Amino acid sequence: KITSVATGLLNPNLGHDVLMVGTQTSLMVYDVEENADLFFKEVHDGVNVIAFGNIFNIDAPLCVVGGNCSIQAFDHEGTELFWTVTGDNVSALAFCDVNDDGVAELICGTEDFEMRVFHHEDVIKEITETDVVIRVEPLHKQRFAYALMHGTVGVYDKLTRAWRVKSKNRVNCINCFDLDNDGVPELIAGWENGKVEVRNEKTGEVVSKDYFQAPIAALVHADYRLDGRTCLMCLTTEGDVRGWLPSSAGGDGMSGGGGPGMSGGMSKLGMGQEAKDGELFRELNSKKQALTQELASFQEQVKQFKQGGKDTAQGVIPTDTKLNISLKSNKTQGTVELHLMTSNYSVIRAVVIFAEHLFDGEACMLHPMPPSNNVIVQISPSKDVQTTMNIKAMAGLSSNSVQYHVFEMTYAMPKFAMYHSVEAHQVTKTPEGFCQFFISKRPNWLWNWIYKSFINIDEQMPQPKGADKALLLDAHFISLRTGEPIVISMTGEQGGMITIRTDDIEVAGELIQDLCGFLQVAELESTASFPGEMEKFKQVLMMVDEYNAVRLKLTAEMADASNLVKALIVKAEDYRMLSDMSNLKKVFGGLQQTNGDLIAEYNKRANNHQQLLLHLKEVNMMIQKAAKLRVGNAKTRVVAACRAAIKKNNIHELFHIIRTGHDSSAS
């Protein structure tokens, strides 16, 4: 099964593009003009997506392959020049110079909702989205566009989200093309319901759209007519193809094979002075409508108040009413509680919360019955992500109020809100796993990070309570998800030795990355020991060896069966020419039996390959977790050293690297 196709000038000596074809198990690079293969490569992690470009510090153009929790890059001879791990299966790849340094970075979207920006092997930014990233496209300068599986498209500018829009329909493809001929490409999106949208790259405003009778399969642009002008083409799943040329300099509309809906819409794309004035007028008009509606609402309230006197006064809340917001841990239910309370006897009739990563559909609506001045919202995010909640609460004087005041507020939820702060004596067991590292900072810097990243933390750092006099800081937490303890402590050894005790290596890595980001630490070495995780990892590596041995055995047996099939076909042809029907029937019977055996062996091999991929994914994820225990060059070194140890099948060396951050030769 072909999973991805790309083209590019992989071999500059050829002078023309080559075709790169990825399957579930291999990569083939094919020279179409010469009708010849450049190379064929087995890729054990599979090929989900292919991108063509240059990676920093590597001179040759590369075919970059995203697979099972890993990214590999090959030159035109099939030599692997780059390898690194990601947090999950790769679903999108693109090159874009996001930091304006003249070198294009590699943007990788994965199935764990993350977008990672690589500068060579260094991850310079991790962006958490709300669903699987299915497309990433370079847009203009430092801007790139992205699409998510649940129907979101948007644009990032220098790693900060510029805008995004969400639809109930799935987005199938995106492309970036300068339709209005103003020198800046627009974002073109093709949807499952057959809609094609053209959006302004700065604002996300729809400037034109068209509809097809079938889902959009792809959007491409090329000099298809060979007249020197690039045109945009749209293809549907039913085989319909439609193309458009950019508008002329005068802004007199699109030309080409567009339908009446699209070409008519495109004629409005010329960004002359008249178009800019129209855009400004629409913006001011929308503001005017919003203010008019607000004024009408206030006038209606005043009118009812004057007509009804004291009877309608029950609908107007006191002017000094405030809405107090706080977060608290609910240990019994394993959730975080958002408490909304009015400053007086006013009641809250309804609450709407918009926040990424916290709720299904990114929104939550609550109607307290009966209305109360204290509302509690249960929150249980599945991942540790810092997010901002946009809260709208409708408050009235009583449950019978006719008029309500809407409070609009924002509240930040810390990244590690799902960890409940406890006293040392409340922790029943000490975690076996730990990670130690040195940071030359005062303890109150570390406490400031704890205060910012957790909830229900005192602003003033308490003195450690315990027999160990060397302790400068000691903080204990219980995970609301699993009930497992986490201990963060600091001593004065070598300027400041920090120890994070937990049995979950992934949590330790997240804590270290967030701490180093807060303290602006660019380089960090660490030593780690996670006995439970390492025992599980050892079992995974043993299973990988077992599945690899079975794969080789099944491949050899299938090769023998294939040779037998060839021999039987030749024998059957001989008997047919001799008109020996009885022996011909016997041979065909044997051929049918062998064919059935081949199909059964293939099914075994396919199941074995699927299990092998799952275990290889766990191996790559463990390398990623081990790398996250370090920062900077140490992080890159761990990935490279683990890769070398796996190639040598040296499990002892691999465990040593995860524990110390160095291979045995360096230590």
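As a starting point, this report considers the structure included with it.

About the thresholds
- Residues numbered from 1 in each chain as written.
- Predicted model: local features only at pLDDT ≥ 70, side-chain atom pairs only at ≥ 80, totals over all residues.
- Heavy atoms only, no water.
- Helix = DSSP H or I, 4+ residues; strand = E, 2+ residues; numbered from the N terminus.
- Expected span 1.5 Å × (residues − 1).
- Buried < 20%, exposed > 50% of the residue type's maximum accessible area, 1.4 Å probe, protein only.
- Polar contact = N/O pair within 3.5 Å; in protein donor to acceptor, adjacent residues only side chain to side chain.
- Axes fitted to C-alpha atoms, helices over the stretch in contact; angles between N-to-C directions.
- Parallel < 35°, antiparallel > 145°, perpendicular 65-115°, else oblique.
- Contact = heavy atoms within 4.5 Å.
- Core = buried A, V, L, I, M, F, W, Y, C linked by side-chain atoms within 4.5 Å.
- Salt bridge = Lys/Arg side-chain N within 4 Å of Asp/Glu carboxyl O.
- Pairing = 2+ DSSP bridges.

Below, the discussion takes up helix α4 (residues 505-519). Residues that lie three or four places apart on an α-helix share one face, since the helix turns once every 3.6 residues. Across its 15 residues, α4 extends 21 Å between first and last C-alpha, which sits within 8% of the 21 Å expected from 1.5 Å per residue. Within α4, 11 of the 15 residues are buried, leaving the element largely enclosed by the surrounding structure. Along α4, the residues classified as buried are I505, V507, A508, G509, E510, L511, I512, D514, L515, C516 and L519. Two or three places before E506, at the start of α4, stands the capping residue D504, its side-chain oxygen 2.9 Å from that residue's backbone nitrogen. Positive backbone phi, at 60°, marks Q520, one or two positions downstream of α4.

With that settled, consider the packing of helix α7 (residues 633-647) against helix α8 (residues 651-660). Between α7 and α8, the least distance of the axes is 8 Å, while the angle of their chain directions is 170°. Taken together, the axis directions place α7 and α8 in an arrangement best described as roughly antiparallel. Each of V638, A641, C642, A645 and I646 in α7 lies in contact with α8, whose residues at this interface are E653, L654, I657 and I658.

Moving on: the nonpolar core. Grouped together as the largest cluster of nonpolar side chains are 57 residues, with contacts concentrated most on F437, L446, W449, I450, F454, F477 and I488. By residue number, the principal contributor to this core is α4, which donates 8 residues. Every residue in contact with I488, bar those within four places of it in the chain, is listed here: L446, W449, I450, F454, L473, D474, A475, F477, T499 and I500. Listed in part, the 27 residues of the second largest apolar core include I317, L340, I348 and L480.

Time to look at the side chain of N330. Relative to the elements of secondary structure, N330 occurs in strand β24 (residues 323-330). If we skip the residues at most four places from it in the chain, N330 touches T335, E337, Q378 and L480.

The next thing to look at is the pattern of salt bridges. If you walk through the whole model with that rule in mind, you get 26 salt bridges. The residue E510 makes a salt bridge to K628 at a minimum N-O spacing of 3.0 Å. Highlighted residues: E510 in helix α4 and K628 in the loop between α6 (581-627) and α7, separated in sequence by 118 residues. On the basis of relative accessibility, which here comes to 10%, the residue K628 falls in the buried class. Here E573 and R576 are joined by a salt bridge, their closest N and O atoms 2.6 Å apart. Taken together, the residues span about one helical turn, with E573 and R576 both in helix α5 (residues 531-577) at a distance of 3 residues. Note on E573: relative accessible area 35%, which makes it partly exposed.

Reading across the sheet, the 4 strands line up as β17-β18-β19-β20 and stay open at both edges, with antiparallel pairing between neighbours. Only two strands of the sheet have a single partner each, and these edge strands are β17 (171-177) and β20 (206-211). Adjacent strand axes in the sheet meet at a mean angle of 15° when their direction is disregarded. In this sheet, strand β19 (residues 195-199) lies alongside strand β18 (residues 186-191) in antiparallel orientation, the contact comprising 4 bridges. Of the residues in β19, the one forming a bridge with I188 is V198.

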